[in-house]
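One letter stands for each residue in the lines below.
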Amino acid sequence: MARYVVIASSNGSVGMRAAADVLASGGSALDAVEAGCRLVESNPEDHTVGLGGLPNLVGEVELDASITDGRTRATGAVAALKGYEHPISIARRVMERTPHVLLAGEGAARFAGEMGFERAELLTPEAQTEWEGKLRDEDPDLEPGLLRYHEHAARYLHLTRDPEKPAGGTVNFLALDAAGNLACAVSTSGWYFKYPGRVGDSPIVGAGNYADNRYGAAACTGRGELAIRAVTAHSVVMHLTYGLTVRDALRHALEDANSLEDAYGTGLSLLALDPHGDHAGVSNRAGSHYVWMNEETPEPQQEVREVVGAGT
Ligand code: ASP
């Protein structure tokens, strides 16, 4: 059995070492996934998470995040949070300092302020340019589902445009620490062009994030509406309770999500890690991978995700 393991979606590379350092020095899985996630949230090059995340339909960056503790199955989450760079740490405070699981919108921002988190401007000039450009572009390479999504968004924008303002992705971190505890952190700016207030799977326990020391942890990236409808992260762990391998549990959960129809795209990718340190990733799109480290790897390792079904 591995002494510790951390795995992340590929954009988690920038936070892998920080997460592994926490685990190597005997720290908890919870601290590790938070530490890894924070570096991705601060990476302005990543337009899918935290600072530099692409904005919603009206040009505001709205963030979702959650953290789960496999030891207690405690969870904290924030949704549609504006103005704070580290939603993952605020989610952790929700878990540790409130009797609640999920705070949204103004309440989440109010709580962040009360907890002493500093406000931040999250819309970088690059993200703003990207947002304006994407709205204008008729990108011939867009997948059919995404194209329909853009057309729909453009119609909404027409209704909501603020003349004062110029006209997807996520990070997953899952860790197993030397004490045998699992934790999972998910953070995202959600689908760009999303309707203001739209909440994806990332802050919904069971949909985009789940961890249970007894069986395993799982997390999702991609079209959150599907992961919510299929309760995908919990479904992976449910399959683990029946004795399936990590890979088979992921396959079954993704096959189930793949059976749902969604006119706006069905791309979904999953990661899972079990209490023995076994891990795997699946995606319904080709060419996707994830990264991992354990006590034997000095550098982050890349792993290809198995393709299960086809997403649009
Ligand atoms: N799952 C995220 C959401 O639906 C977005 C993504 O991972 O692409 O908000």
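Undergrad: Which residues make up the sheet that holds strand S1 (residues 5-9), and what values do they have?
TA: Ordered in space as S4-S3-S2-S6-S5-S1-S11-S12, the 8 strands form an open sheet in which the pairing is mixed. The open sheet has two free edges, formed respectively by strand S4 (102-104) and strand S12 (301-304), since each of these has just one partner strand. Sheet twist, expressed as the mean angle between neighbouring strand axes with direction ignored, is 15°. In this structure, S1 lies alongside strand S5 (residues 171-176), joined through 4 bridges in antiparallel fashion. Residue pairing in the sheet places Val5 in a bridge with Leu176 of S5.

Undergrad: Tell me about the nonpolar core, residues and numbers included.
TA: In this structure, Val6, Ile67, Ile90 and Phe173 are the most contacted members of the largest nonpolar core, which totals 38 residues. Among the elements that take part in this core, helix H2 (residues 29-41) stands out by supplying 6 residues, more than any other. Look past the residues within four positions of Val6 in its chain and what remains in contact with it is Met16, Ala19, Ala20, Leu23, Phe173, Leu174, Ala175, Val291, Trp292 and Met293. Among the nonpolar cores identified, the runner-up in size contains 22 residues, and Tyr210, Ala218, Ala227 and Val237 belong to it.

Undergrad: Could you give an account of the packing of helix H8 (residues 232-241) against helix H9 (residues 246-258), with specific residues and numbers?
TA: The contact between H8 and H9 brings their axes to 8 Å, and the two run at 140°. It follows that H8 is oblique to H9 by the angle criterion. Handedness of the crossing formed by H8 with H9: right-handed. In contact with Thr232, Ser235, Val236, His239 and Leu240 of H8, H9 contributes Val246, Ala249, Leu250, His252, Ala253 and Ala257. Class assignment for the residues of the contact of H8 with H9 results in 7 nonpolar, 4 polar and no charged.

Undergrad: Before we move on, can you summarise the side chain of His239 with the specific residues and values?
TA: Structurally, the position occupied by His239 is in helix H8. Beyond its immediate sequence surroundings of up to four residues, His239 is in contact with Leu244, Ala249, His252 and Ala253.

Undergrad: If you had to explain the packing of aromatic side chains to someone new, which residues and values would you point to?
TA: Applying the stated rule across the entire model yields 0 aromatic pairs. Note that Arg223 overlies the ring of Trp191, its terminal NZ or CZ placed 4.8 Å from the centroid.

Undergrad: Before we move on, could you go through the pairing of strand S8 (residues 216-222) and cite the residues and values that matter?
TA: Where burial is concerned, most of S8 is hidden: 6 out of the 7 residues are buried. Sheet topology places strand S7 (residues 209-212) next to S8; 4 bridges connect them, and they run antiparallel. Among the inter-strand pairings, Tyr210 is bridged to a residue of S8, identified as Ala218. Across 6 bridges, the pairing between S8 and strand S9 (residues 268-273) is antiparallel.

Undergrad: How would you sum up the pairing of strand S2 (residues 63-69)? Please name residues and give values.
TA: When you tally the buried positions in S2, you get 7 out of 7 residues, the bulk of the element. Side chains Leu63, Ala65, Ile67 and Asp69 of S2 all project onto a buried face; the interleaved residues Asp64, Ser66 and Thr68 project onto the opposite face, where all are buried too. Strand direction decides the pairing type here: S2 and strand S6 (residues 182-188), joined by 6 bridges, are antiparallel. Bridging from a neighbouring strand, Ser66 pairs with Val186 of S6.

Cut-offs and rules
Residues numbered from 1 in each chain as written. Predicted model: local features only at pLDDT ≥ 70, side-chain atom pairs only at ≥ 80, totals over all residues. Heavy atoms only, no water. Pairing = 2+ DSSP bridges. Helix = DSSP H or I, 4+ residues; strand = E, 2+ residues; numbered from the N terminus. Axes fitted to C-alpha atoms, helices over the stretch in contact; angles between N-to-C directions. Core = buried A, V, L, I, M, F, W, Y, C linked by side-chain atoms within 4.5 Å. Buried < 20%, exposed > 50% of the residue type's maximum accessible area, 1.4 Å probe, protein only. Contact = heavy atoms within 4.5 Å. Parallel < 35°, antiparallel > 145°, perpendicular 65-115°, else oblique. Left-handed = near helix turned anticlockwise from the far one by under 90°. Nonpolar A, V, L, I, M, F, W, Y, C, P; charged D, E, K, R; others polar. Phe/Tyr/Trp six-rings, centres within 6.5 Å; stacked < 30°, edge-to-face > 60°. Lys NZ or Arg CZ within 6 Å of the ring centre and 35° of its normal.

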